[in-house]
Amino acid sequence: MGVSIVITSGKGGTGKTTVAASLASCLSALGKTVICVDADIGARNLDIALGLSGGISGSLDLSDALRMPDEPGAALTAHPDLPGLSLISAPLTRRVSELDTRAFAPLIRALSARADFVLVDCCAGLEDGFFMSVNACERAVIVSTADASSLRVAARCAQLTGKEKRPRLIVNRVNPKLIVGRNAPEIDDIMDATGLPLLGLVPEDEMVSAAANRGVPLTLAGGTGAAAAILRIARRLLGEDVPIGRMKRWQVNG
Ligand SMILES: Nc1ncnc2c1ncn2[C@@H]1O[C@H](COP(=O)(O)OP(=O)(O)O)[C@@H](O)[C@H]1O
Ligand SMILES: [Mg+2]
């Protein structure tokens, strides 16, 4: 039985989709099976971040999977370049209120039986779509940028998520100089602001949008910057003791 993790934030544009896609590709590169679920109903873009946007047209989506939660195989699109990675995309033209959201938790449970990791890319906001995703998953990762307004929403998001999901924080789009430096008081401030354990820091990196625009998963597009940081986070998720605060080249076998 695999573990299900919701990637959430409360706020839009913090990097949930980027983190979900890159973590999924790193876990796949590390030999794990991963199912990504785009739960951003009506505003899907996990397919783009995974470089799969051409591959899902015509296939079934989350609204179909929710109609047959015990047998979700037909709605999975396998990634052609990332072994063991597949995606259930979100419907583009539906709203959360039109879906059978009670079937979401059984669906995530059924998917967890088929993969090492199920990563759910949550919508923005702390409304119905948020609770659908959070309640269905065993663990939560909260993605925030380092600014005060994003951190405040992250803290609220963690409260609503609940301690039993063991929420951990990823701070995204951090000034790279902050991460390399040994003395980074701002990072202590960030931890204090949310009260959440830190899962990782991801630097601001122009490769993120460049890779998405080229239709290539970030981790296949580059070996440094954000891709390297996400690989380190993936290793932490696998239980490895990878220190926070130092950047290395992206290397699966290093
Ligand atoms: N570490 C980063 N460095 C540079 N740009 C980033 C980074 N993370 C995300 N972005 C950009 O920020 C925007 C929002 O990211 P996205 O993952 O879609 O956020 P969310 O899913 O939380 O709405 C996208 O244009 C993405 O390319
Ligand atoms: Mg998103």
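Reading guide: rules and limits
- Residues numbered from 1 in each chain as written.
- Chains lettered and ligands numbered in written order.
- Predicted model: local features only at pLDDT ≥ 70, side-chain atom pairs only at ≥ 80, totals over all residues.
- Near = placed C-beta within 6 Å.
- Helix = DSSP H or I, 4+ residues; strand = E, 2+ residues; numbered from the N terminus.
- Nonpolar A, V, L, I, M, F, W, Y, C, P; charged D, E, K, R; others polar.
- Buried ≥ 20, exposed ≤ 12 C-beta atoms within 10 Å, placed from the backbone.
- Contact = placed C-beta atoms within 7 Å.
- Pairing = 2+ DSSP bridges.
- Axes fitted to C-alpha atoms, helices over the stretch in contact; angles between N-to-C directions.

Participant: Quick question: what am I supposed to make of the site of ligand 1 here?
Facilitator: Residues in close proximity to ligand 1 total 18 residues, the closest being Gly15, Lys16, Thr17, Thr18 and Ser209. Counting residues per element, the ones that place at least two in the shell around ligand 1 are α1 (16-29), β7 (168-174) and α9 (207-214). For the shell around ligand 1, the per-class residue count stands at five nonpolar, nine polar and four charged.

Participant: How should the environment of Ile35 be read in this particular structure?
Facilitator: Structurally, the position occupied by Ile35 is in strand β2 (residues 34-38). Judged by local crowding, Ile35 falls into the buried class, with 24 C-beta atoms found within 10 Å. Considered as a pair, Ile35 and Gly12 are 23 residues apart in the sequence and their alpha carbons are 22 Å apart. Apart from residues no more than four positions distant in its own chain, Ile35 is found in contact with Leu76, Ser86, Leu111, Arg114, Ala115 and Val118.

Participant: Help me understand the sheet that holds strand β6 (residues 139-144), please; the structure alone is not making it clear to me.
Facilitator: Think of a sheet as strands paired side by side through backbone hydrogen bonds, with each pair either parallel or antiparallel. Judged by pairing direction, the sheet is mixed, and its eight strands sit side by side in the order β3-β4-β2-β5-β1-β6-β7-β8 without closing on themselves. At either end of the open sheet lies a strand with only one pairing partner, and these are β3 (77-78) and β8 (198-203). Sheet topology places β3 next to strand β4 (residues 85-88); two bridges connect them, and they run antiparallel. Looking at β4, one finds that Thr77 is bridged to Leu87. Strands β1 (3-8), β5 (117-121) and β6 of the sheet are contacted by helix α5 (residues 128-136), whose axis makes an angle of about 150 degrees with β1. Contacting β1, β6 and β7, helix α6 (residues 148-161) crosses the sheet at an angle of about 170 degrees to β6.

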